[in-house]
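# Results of the structural survey
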2 protein chains.
Amino acid sequence: MSSDQLLAEFDAGKPAALARVVSIVENHRDGFERILSSLHSRTGRARRVGLTGPPGAGKSTITALLVKSFRDAGLRVGVLAVDPTSPFTGGALLGDRVRMESVALDPGVFIRSMATRGSLGGLAAATREVADVLDAFGFDRLLIETVGVGQSELDVARTADSTLLVLVPESGDSIQTLKAGVMEIADVFVVNKADRPGADRLRNDVELMLGLRKGVSFGRVPAHHGIELKRMNPARVARVAAVEENPSEWTPPVLSAVAVKQEGIDAIVAALDRHFAYLERSGTLRKRRRERMRERVRDVVAQKVGDRLWKDRGTMAWLEEQLASLEEGKATPFGVADRLLRDRAELVRGDQKT
Amino acid sequence: MSSDQLLAEFDAGKPAALARVVSIVENHRDGFERILSSLHSRTGRARRVGLTGPPGAGKSTITALLVKSFRDAGLRVGVLAVDPTSPFTGGALLGDRVRMESVALDPGVFIRSMATRGSLGGLAAATREVADVLDAFGFDRLLIETVGVGQSELDVARTADSTLLVLVPESGDSIQTLKAGVMEIADVFVVNKADRPGADRLRNDVELMLGLRKGVSFGRVPAHHGIELKRMNPARVARVAAVEENPSEWTPPVLSAVAVKQEGIDAIVAALDRHFAYLERSGTLRKRRRERMRERVRDVVAQKVGDRLWKDRGTMAWLEEQLASLEEGKATPFGVADRLLRDRAELVRGDQKT
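## A few points about the overall build of chain A
Scanning chain A from terminus to terminus reveals 16 helices and seven strands. Considering chain A as a whole, with its 354 residues, one finds that 45% of them fall into the buried category. Counting contacts in chain A only where the partners sit at least 6 residues apart, residues at least 24 apart contribute 76% of the total.

Quick look at the structure:
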């Protein structure tokens, strides 16, 4: 099938064309640039929701329930699972596997695992590209599930319009196992398994953190905030919590859920709707999407430079020649990189015909 | 202090100079390139050992015990903790915190947390750079601890000479929670908490996996290998396991440990020594280090291109101008990237004086 035919079938909403386009884009096969470029003007309709949290928090169960809820409302849903422990990626044999499969049979739902993607392509870049494809195809909601531990996974979560952070009371350290920075990007907190001991304490901890976050501006929550909180002057905590609420500001709600009993999902959906309304009203949506666009351009630039240099046989042969001097300590990676960029600027410049 | 003075004190083995050099390199402060370049010829002495595994597997306890064992043998040890849940990074308040602190007071040990590093710099690139500094300073062993879940973290583990994968029987799914690809890079497996139920089964599972790995060549272990194993023809498994052992090949040992009781550490140290001897004998060490050097050059090239473009005001202003057309769908990220690279090749080429 020609690229034009494929795009025509994609435009006509054919599921097989969607699957093929996603594969081409995901693996950067021939023509992926042309495809993404031609879809570009149609992106921006879907709401992108990131779900993150520690392994075992129940992200996948909540994802499945959100899919169901969106489907009941007549919305089409794409799911991108970046979490290797997600049942969506085949990573675990949980009790709700059957439910996942029933979801997977619905033509209004598209599920793609990004978990086994190789290490060379940026995971966040790849996820953004596949999300663009699903957006252009007409999915109304995109759910992007990532484990809240790794750095790339945090970058993936940053690509969403709204980010849901799922925590569980079981491990008292569950907040602390998260990658530094995860707490700051969450727009909605969900304490899952809220019927278990420790749920109230976890909720309190999170609310205290949020009070801190609202009033005090610091770059990142220290990984050892558990200690910091204890050390803080209670009067200061109270003062911080009393900062008056700005209507153009978003106060992340801390919701409770028992996903396995399907409890708390409606409140999550409502919070996501409220958050999206806030994003639009405050201009934050535009800002976030602008930032996403900036990142897209940077991603593409980095990818193009990499492709142009490292897929060039002459450059690779030259690099191999340098390795001996590098190993003997006669040359340094910085010197080699400088020479490479100086002598191969034409390669980086690319085909003048473009 | 001038850069020359700092390097002189670094060469004299002053701990304060080491700490300052690490900070400069880690944050890419002015002069970091010159420092790394001047240290380059002195790297390559340290053995780099990566420790990875799921959260809660006991990686940090094993790291602390390895530090102790290496110290007892008169070796100096650097620790790079990339795992946010590691007590080395202040991420958790475990019972062995005191032991960590006693380790931290030893001048023959240097501990650095890389866990809170921002998202912009590549985590693997940053870790390689700090590891080079410690190597040049004269540390004999470098222990690099990462959680085996994230993509960047897997990339970090790939920078080591030997990789230790720590698993625990507690979660029967512990293998499955790992990032695809982690199983393949492990040189030594450790079943920690081996006195708990399920340890034998886990060991069997891993050994079966290794039998598979040795005989059958596939790109990656599928995330759902738990199912695959059950589906496999037993005759084929036996045939695969019977593949004759090649003396120039490494068969990863599957060791048992109860780290909290300090059991099994000597066997781990011995396995690491055996593995290093194999690396040298087989030429694999040279191959791995050569690959690491290639990666270093690629990292530096990517970094330089990024710095030259995105720290340039004119380029950033131009990009801002393009955002409106990008948002309206009149331009695409690929088109913008092509124009940017075509028109700004001189910037990428860099300062001709270098």
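## So, the nonpolar core
In terms of nonpolar packing, the biggest core is built from 161 residues, with A:I144, A:F189, A:V190, A:I268, B:I144, B:F189 and B:V190 touching the most fellow members. Residues in contact with A:V190, not counting those within four places in the same chain, are A:I62, A:L164, A:V166, A:L255, A:A257 and A:I268.

## Overview of the sheet that holds strand β5 (residues 162-167) of chain A
All names here are of chain A. Spatial ordering of the open sheet is given by β3-β2-β4-β1-β5-β6-β7, a layout of seven strands whose pairing is parallel. At either end of the open sheet lies a strand with only one pairing partner, and these are β3 (109-113) and β7 (254-256). Recorded for the sheet is a direction-independent mean angle of 20° between the axes of neighbouring strands. Sheet contacts for helix α12 (residues 265-282): β1 (47-53), β5, β6 (188-191) and β7; angle to β6, the most-contacted strand, approximately 170°.

## Some details on helix α4 (residues 59-72) of chain A
Residue and element names in this part refer to chain A. Here α4 spans 20 Å end to end across 14 residues, near enough to the 20 Å set by a 1.5 Å rise per residue. Most of α4 sits out of view: 10 of its 14 residues are buried. Listed as buried for α4 are K59, S60, T61, I62, T63, A64, L65, L66, V67 and F70. Downstream of α4 by one or two residues, G74 has phi in the positive range, about 80°.

## Regarding the domain arrangement of chain A
Residues and elements named next belong to chain A. Looking at the assigned domains, one finds that chain A contains domain 1 (1-41), domain 2 (43-283) and domain 3 (312-349). The interface is formed by 11 residues belonging to domain 1 together with 12 residues belonging to domain 2. Looking at the side of domain 1 that touches domain 2, the elements that each hand over two or more residues are α2 (15-26) and α3 (32-39). Element by element, the count of residues in the side of domain 1 that touches domain 2 is highest for α2, at six residues. For the side of domain 1 that touches domain 2, the per-class residue count stands at eight nonpolar, two polar and one charged.

## Quick notes on the sheet that holds strand β1 (residues 47-53) of chain B
Residues and elements named next belong to chain B. If you walk across this open sheet you meet the seven strands as β3-β2-β4-β1-β5-β6-β7, and the pairing is parallel. The open sheet terminates on both sides in strands that have one partner only, identified here as β3 (109-113) and β7 (254-256). Ignoring which end each strand starts from, the neighbouring axes of this sheet average 20° apart. Here three bridges tie strand β6 (residues 188-191) to β7, and the two strands are oriented parallel to one another. Bridge pairing in β7 places V191 opposite S256. Along the sheet, helix α6 (residues 123-137) contacts β1, β2 (77-81), β3 and β4 (141-147); its crossing angle with β4, the most-contacted strand, is approximately 160°.

## Here we look at the environment of A:D132
All names here are of chain A. For D132, the location among the structural elements is in helix α6 (residues 123-137). In sequence terms D132 and V25 are 107 residues apart; their C-alpha atoms lie 10.0 Å from each other. In this view, D132 contacts L36, L39 and T43; residues no more than four positions away in its chain are not counted.

## Some words on unusual backbone geometry
Generally, phi is negative for residues other than glycine and the peptide bonds are trans, each holding for most cases. The residue A:Q262 is not glycine, and still its phi comes out positive at about 60°. Looking at the secondary structure, you find A:Q262 in the loop between β7 and α12. Residue classification places A:Q262 among the partly exposed positions, given that 15 C-beta atoms sit within 10 Å. Phi angles above zero are rare outside glycine, and B:K193 is one such case at about 55°. Its location among the elements puts B:K193 in the loop between β6 and α9 (199-215).

## Let's talk about the pairing of strand β5 (residues 162-167) of chain B
Residue and element names in this part refer to chain B. The buried fraction of β5 amounts to six of the six residues, a majority that puts the element mostly inside the structure. The alternating pattern of β5 places S162, L164 and V166 on one face and T163, L165 and L167 on the opposite face, and all of these are buried. Relative to β5, β1 runs parallel, the two sharing four bridges. Bridged to T52 within β5 is L165. By the bridge criterion, four bridges tie β5 to β6 in an arrangement that is parallel. Along β6, the bridge assignment pairs L167 with V191.

## With respect to the confidence of the model for chain A
All names here are of chain A. Scored by pLDDT, chain A has a mean of 80; 75% of the residues are at 70 or more. Ranking the elements of chain A by mean pLDDT puts helix α10 (residues 225-231) last, at 36, and α12 first, at 96. Low confidence marks residues 89-98, where pLDDT is under 50. Its contacts with residues over four positions away, or in another chain, come to 25 contacts. Counting interchain partners and residues more than four positions distant, the pLDDT-below-50 stretch residues 215-245 has 34 contacts.

## Focus: α6(B)
Its 15 residues place the ends of α6(B) 21 Å apart at the C-alpha level, agreeing with the 21 Å of an ideal helix rising 1.5 Å per residue. B:G138 sits one or two residues past α6(B) and shows a positive phi near 115°.

## Thoughts on the pairing of β3(B)
All names here are of chain B. Here β3 lies mainly inside the structure; five of its five residues are buried. Both β2 and β3 contribute to a ladder of five bridges, which runs parallel. Counted as the bridge partner of V77 is V109 from β3.

The rules behind the values
- Residues numbered from 1 in each chain as written.
- Chains lettered and ligands numbered in written order.
- Predicted model: local features only at pLDDT ≥ 70, side-chain atom pairs only at ≥ 80, totals over all residues.
- Helix = DSSP H or I, 4+ residues; strand = E, 2+ residues; numbered from the N terminus.
- Buried ≥ 20, exposed ≤ 12 C-beta atoms within 10 Å, placed from the backbone.
- Contact = placed C-beta atoms within 7 Å.
- Core = buried A, V, L, I, M, F, W, Y, C linked by C-beta atoms within 7 Å.
- Pairing = 2+ DSSP bridges.
- Axes fitted to C-alpha atoms, helices over the stretch in contact; angles between N-to-C directions.
- Expected span 1.5 Å × (residues − 1).
- Domains from an automatic or database assignment.
- Nonpolar A, V, L, I, M, F, W, Y, C, P; charged D, E, K, R; others polar.
- pLDDT = per-residue confidence, 0-100.

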